[in-house]
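Each chain, written out:
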Amino acid sequence: MTADLFPKRIVCLTEETTETLYLLGEEHRIVGISGYTVRPPRARQEKPRVSAYLTAKIDKILDLQPDLVLGFSDLQADIASQLIRAGVSVHVFNQRSIAEILQMIAMVGALVGAQDKTAALLAELQVGLDEVAAIGRTLPRRPRVYFEEWMDPIITGIGWVSELSVLAGGEECFPELAGQSLGKNRIVADPLEVVRRAPDVILGSWCGRKFRPEQVMARPGWEAVPAVVHGQVFEIKSSEILQPGPACLTDGVRQIQKRLLGWAALHA
């Protein structure tokens with residue numbers, strides 16, 4: 001196949017596809033990115049920002065004459081439909097698990113004809129995940145992990161975050177909610193339910209806002225939670241854990257494991 005058969009002008013509406021293309025050495029194909037993109041840092045200097053998360057500058061995207069636009073989830077359905085009606089090719093991913101994230105990376109690689117480089121990247125990511133899992137198995141006890149994605153109302157962690165917490169050696173506090181893709185279906189109506197689940201470690205990333213451990217620890221009735229008693233309440237940056245792409249499979253899961261190992265050392 002010739003390179004001419006693959007898209008040469010790609011707009012990425014979320015960070016994970018941008019990061020993937022950079023890791024594959026295919027960043028020259030990108031002509032527009034999300035304003036929320038921080039990985040890799042140089043993308044913000046090299047590529048024009050044409051979208052937020054729920055909104056996009058449709059005219060600016062069309063001016064870039066993309067031959068492919070990559071989006072994420074039903075939340076970008078309106079953006080996708082406007083672009084499709086304008087005659088643009090659009091692919092919207094909907095990855096919510098570790099396996100689906102790896103599948104997304106494989107598909108992005110295939111879309112640009114970079115199968116060999118993609119296979120190498122996937123192998124590298126899998127080695128990293130296997131190393132995390134091996135370390136996780138060494139913990140003498142699996143600490144109960146509560147991940148908070150939002151504070152009012154309280155929303156627990158999405159599927160891939162829960163999977164990564166378990167992979168790193170933890171036990172999910174709300175396994176019955178982790179598989180729900182929509183935030184409204186992961187709401188914990190009664191904050192004291194978290195208290196009853198008695199997490200050993202509390203991790204948080206408030207969807208783009210700075211997570212405040214001191215606010216969590218000061219909640220009424222939470223003073224007896226093991227994580228609060230032992231000061232095991234920590235932020236993980238949204239860009240590292242809430243972007244369902246390479247970031248969460250590398251830096252994100254390592255940040256989780258760092259906190260679980262710290263808990264284990266405290267209780268050794």
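Before any of the text, the structure's been laid out above.
Residues numbered from 1 in each chain as written. Predicted model: local features only at pLDDT ≥ 70, side-chain atom pairs only at ≥ 80, totals over all residues. Heavy atoms only, no water.

Remarks on the overall build of the chain
Here comes step 1: Looking only at helices and strands, the chain has 13 helices and 10 strands in total.
Here comes step 2: A compact globule built from 268 residues should have a C-alpha radius of gyration of about 18 Å, and the chain, at 20 Å, falls within 12% of that.
Here comes step 3: With respect to the three principal axes, the spread of C-alpha positions in the chain is 60 × 35 × 30 Å.
Here comes step 4: The buried share of the chain, taken over its 268 residues, is 51%.
Here comes step 5: Looking at the chain alone, contacts between residues at least 24 apart form 59% of all its contacts between residues at least 6 apart.
Here comes step 6: Accessible surface, the chain: about 12,300 Å² in total, of which carbon and sulfur atoms supply 55%.
Here comes step 7: Taking the average location of the 29 positive side-chain charges in the chain and that of its 32 negative ones, the two points are 3 Å from each other. (Helix = DSSP H or I, 4+ residues; strand = E, 2+ residues; numbered from the N terminus. Rg over C-alpha atoms; globule rule 2.2 N^0.38 Å. Buried < 20%, exposed > 50% of the residue type's maximum accessible area, 1.4 Å probe, protein only. Contact = heavy atoms within 4.5 Å. Areas by Shrake-Rupley, 256 points an atom, 1.4 Å probe, with all protein chains shown as cover. Lys, Arg positive; Asp, Glu negative; His and termini not counted. Charge placed at Lys NZ, Arg CZ, Asp CG, Glu CD.)

Some words on the environment of E171
Here comes step 1: Relative to the helices and strands, E171 resides in strand β8 (residues 171-172).
Here comes step 2: A sequence separation of 30 residues divides E171 from V201, and the C-alpha atoms of the two residues are 9.9 Å apart.
Here comes step 3: With residues near it in sequence (within four places) discarded, E171 still touches R142, P143, R144 and V145.

Some details on the environment of P140
Here comes step 1: Of note, P140 is situated in the loop between α6 (115-136) and β6 (144-151).
Here comes step 2: Since its relative accessible area comes to 77%, P140 is described here as exposed.
Here comes step 3: The spatial distance from the C-alpha of P140 to the C-alpha of S239 is 30 Å, given a sequence separation of 99 residues.

Section: the nonpolar core
Side chains of a nonpolar character, in soluble globular proteins, are inclined to be buried together.
Here comes step 1: In this structure, L164, L203, I241, L249 and I256 are the most contacted members of the largest nonpolar core, which totals 44 residues.
Here comes step 2: Per-element accounting of this core gives the leading share, 7 residues, to helix α13 (residues 246-266).
Here comes step 3: Residues contacting L203, with those up to four places away along its chain left out, are V145, Y146, F147, E148, F211, F234, I236, I256 and R259.
Here comes step 4: By size, the runner-up hydrophobic cluster in this structure holds 17 residues, among which are I154, V194, W206 and V225. (Core = buried A, V, L, I, M, F, W, Y, C linked by side-chain atoms within 4.5 Å.)

Observations concerning the pairing of strand β9 (residues 201-204)
Along a regular strand, successive side chains alternate from one face of the sheet to the other.
Here comes step 1: Here β9 shows two buried faces, one formed by V201 and L203 and the other by I202 and G204.
Here comes step 2: In the sheet, β6 pairs with β9 via 4 bridges, with the strands oriented parallel. Bridging across to β9, E148 finds its partner in G204.
Here comes step 3: Pairing between β9 and strand β10 (residues 233-235): 3 bridges, direction parallel. Bridging across to β10, G204 finds its partner in E235. (Pairing = 2+ DSSP bridges.)

Notes on unusual backbone geometry
Here comes step 1: The linkage connecting R39 with the following residue, P40, adopts the cis geometry, with an omega of -15°.
Here comes step 2: Following the sequence through the fold, P40 ends up in the loop between β2 (30-34) and α2 (42-46).
Here comes step 3: Each neighbour pair has its own omega, and for D152 with P153 the value is 0°, a cis peptide bond.
Here comes step 4: Here S73, not a glycine, exhibits a phi torsion of approximately 70°, which is positive.
Here comes step 5: Summarising the element assignment, S73 is placed in the loop between β4 (68-72) and α4 (77-85).
Here comes step 6: Assessed through its relative accessible area of 3%, S73 is described here as buried.
Here comes step 7: With a phi angle near 50°, A198 is a residue other than glycine that sits in the positive phi range.
Here comes step 8: Checked against the element boundaries, A198 lands in the loop between α9 (192-197) and β9.
Here comes step 9: Owing to a relative accessible area of 21%, A198 belongs among the partly exposed residues under this scheme.

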